[in-house]
Amino acid sequence: MKYKDYYAVLGVPRDADAETIKKAYRKLARQHHPDVAKAEGSEARFKEVAEAYATLRDADKRAAYDSLGTRRSGEEFSPPPQWQHDFAGDAFSEADLADLLAALGRGRRGAGRASVPLRGRDYEAGVRLGLEDAHRGTTVSLDVEHEDGTRTLAVTVPAGVTEGQRLRLRGKGGPGRHGGPAGDIYLHITLAPHPVFRPDGHDLYFDLALAPWEAALGAEVEVPTLDGPVLLSVPAGTRSGRKLRLRGRGLATGHGGRGDQYAVVHIDVPASLAPRERELFEELARVSSFRPRAFIAKEPAHADQPS
Amino acid sequence: MQTNLPDALPLEPGLLVDQGEFAHMCGLSVTEVDELVEYGAVTPLAGGPGGPVKFSSALVPPLRRALKLRADFDLDLFTVSMLVSYLQRIAELEHEVRVLRAHLPRAVGHLREGPATWREPHA
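In this text the structure is predicted, and so the values were computed from the model without any measurement.

Caption draft 1: Layout of the interface of chain B and chain A. Listed per partner, the contact involves 40 residues of chain B and 51 residues of chain A. Buried surface at the junction of chain B and chain A, both sides included, amounts to about 3900 Å², of which 51% is carbon and sulfur. At the boundary of chain B and chain A, one finds 7 salt bridges. Close ionic contact of Arg64 of chain B with Glu124 of chain A constitutes a salt bridge, the shortest N to O distance being 2.6 Å. Applying the counting rule to chain B against chain A returns 20 residue pairs in polar contact (both at pLDDT 80 or more). Of all the elements in the fold, those that place two or more residues in the side of chain B that touches chain A are strand E1 (2-3), strand E2 (8-10), helix H1 (19-26), helix H3 (60-73) and helix H4 (77-103) of chain B. No other element matches H3 of chain B, which puts 8 residues into the side of chain B that touches chain A. Among the residues making up the side of chain B that touches chain A, the classes are represented as 20 nonpolar, 7 polar and 13 charged. In this structure, strand E4 (residues 166-169) of chain A lies alongside E2 of chain B, joined through 3 bridges in antiparallel fashion.

Caption draft 2: The arrangement of the side chain of Thr55 of chain A in detail. Residues and elements named next belong to chain A. Note that Thr55 resides in helix H3 (residues 42-56). Overall, the relative accessible area of 4% leaves Thr55 in the buried class. With near-sequence residues (within four places) excluded, Thr55 lies in contact with Tyr6, Lys61, Arg62, Tyr65 and Leu101.

Caption draft 3: Highlighting the pattern of salt bridges. All told, the structure shown has 25 salt bridges over all chains when counted by the stated rule. Note that Asp74 of chain B is salt-bridged to Arg57 of chain A, the shortest N-O span being 3.0 Å. Of the two residues, Asp74 of chain B is situated in the loop between H3 and H4 and Arg57 of chain A in the loop between H3 and helix H4 (59-66); the pairing between them involves two chains. A salt bridge links Asp66 of chain A to Arg62 of chain A; its shortest N-O distance comes to 4.0 Å. With a gap of 4 residues between them, Asp66 of chain A and Arg62 of chain A both fall in helix H4, about one helical turn apart. With a relative accessible area of 30%, Asp66 of chain A lands in the partly exposed category.

Conventions used here
Residues numbered from 1 in each chain as written. Chains lettered and ligands numbered in written order. Predicted model: local features only at pLDDT ≥ 70, side-chain atom pairs only at ≥ 80, totals over all residues. Heavy atoms only, no water. Contact = heavy atoms within 4.5 Å. Buried area = accessible area lost by both parts, 1.4 Å probe. Salt bridge = Lys/Arg side-chain N within 4 Å of Asp/Glu carboxyl O. Polar contact = N/O pair within 3.5 Å; in protein donor to acceptor, adjacent residues only side chain to side chain. Helix = DSSP H or I, 4+ residues; strand = E, 2+ residues; numbered from the N terminus. Nonpolar A, V, L, I, M, F, W, Y, C, P; charged D, E, K, R; others polar. Pairing = 2+ DSSP bridges. Buried < 20%, exposed > 50% of the residue type's maximum accessible area, 1.4 Å probe, protein only.

This is a description of form; function is not addressed.
Okay, here's the thing in structure tokens:
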């Protein structure tokens, strides 16, 4: 196996005390942690630092490691037979140094020591779904890395999951040891952006543009839904920002029902006017008593009609 | 291997689990859960006097996240208890932002990228 100089990895002398080792580890961990470090190689460096600390923070493991002596990093070596007898117990001729030292934490060779049932490892995975898949339910493939290779699971995500939801797949994680239970998988659900809809829980929102006359007079307009286009009645006098509800057209709740869909109205105006359109708008401006800024100017919304 | 309901359980406020199961899901001992309760990081929802103590499964994700940071940075349990509160607050704020973004029309939310205003395909 290859020798790893854990003291050099952490940048501490071989006689460093526990507090020094801990500080050095935390500094390097903070620097290379996947949550903050995006540079290439950061994850590998973080694992290297964590491996070094896992050995040096434990008094027994550190003693075992120190007794291997000082070698060059990467040097091939074998622990002396006496070392194996004192520390390693069963032979680990194919293990690397980290495995060997990690095994010390799981117990030493001792007569009559029973194997303790160990629970399998938990896994966390993110799943990004399209809106339609979240609505109807779907099956996704998860690649889960185990010590003995990669396992692919086909997981059914039920209808009705929402953005940010967490699901627990009990007993589908890593296998247990010595009769211990299997671990779990924890899924984090995210929804891919949709070209039309914005989800809020099981409700859906979309923007609906209306012409000024549609908003003022009311109209029947075709709008999209997950089930296909439907006609929406826009009441006369609909203002910008109003939310028009389409009951039961939202996402499935997973309990047999559905959320609602809302059309968020905004009133659009033509970017340019044909001559006749301009005439009509100018006449409307002359005859109308509507004052949209009346509240701000403390004027009545509708002034007295001119004689 | 196909995994179907009821193996897929949503972790949400309405799903309560007993203390042993809660500890198991978070990778903690029951004693450590008691310690977090003492710190005020988690609040048990008791089943009644002498009844089984239960916890909301919605606490599991932030606690698992905090415990991962505990392992990564060799933190003590008290620090974990502080982290849990902040992680919950972050999750609440993220949820609020998502809700606000869903409700804002695109014309107003020009700082937000998102779906375009609905236009009829034949318009």
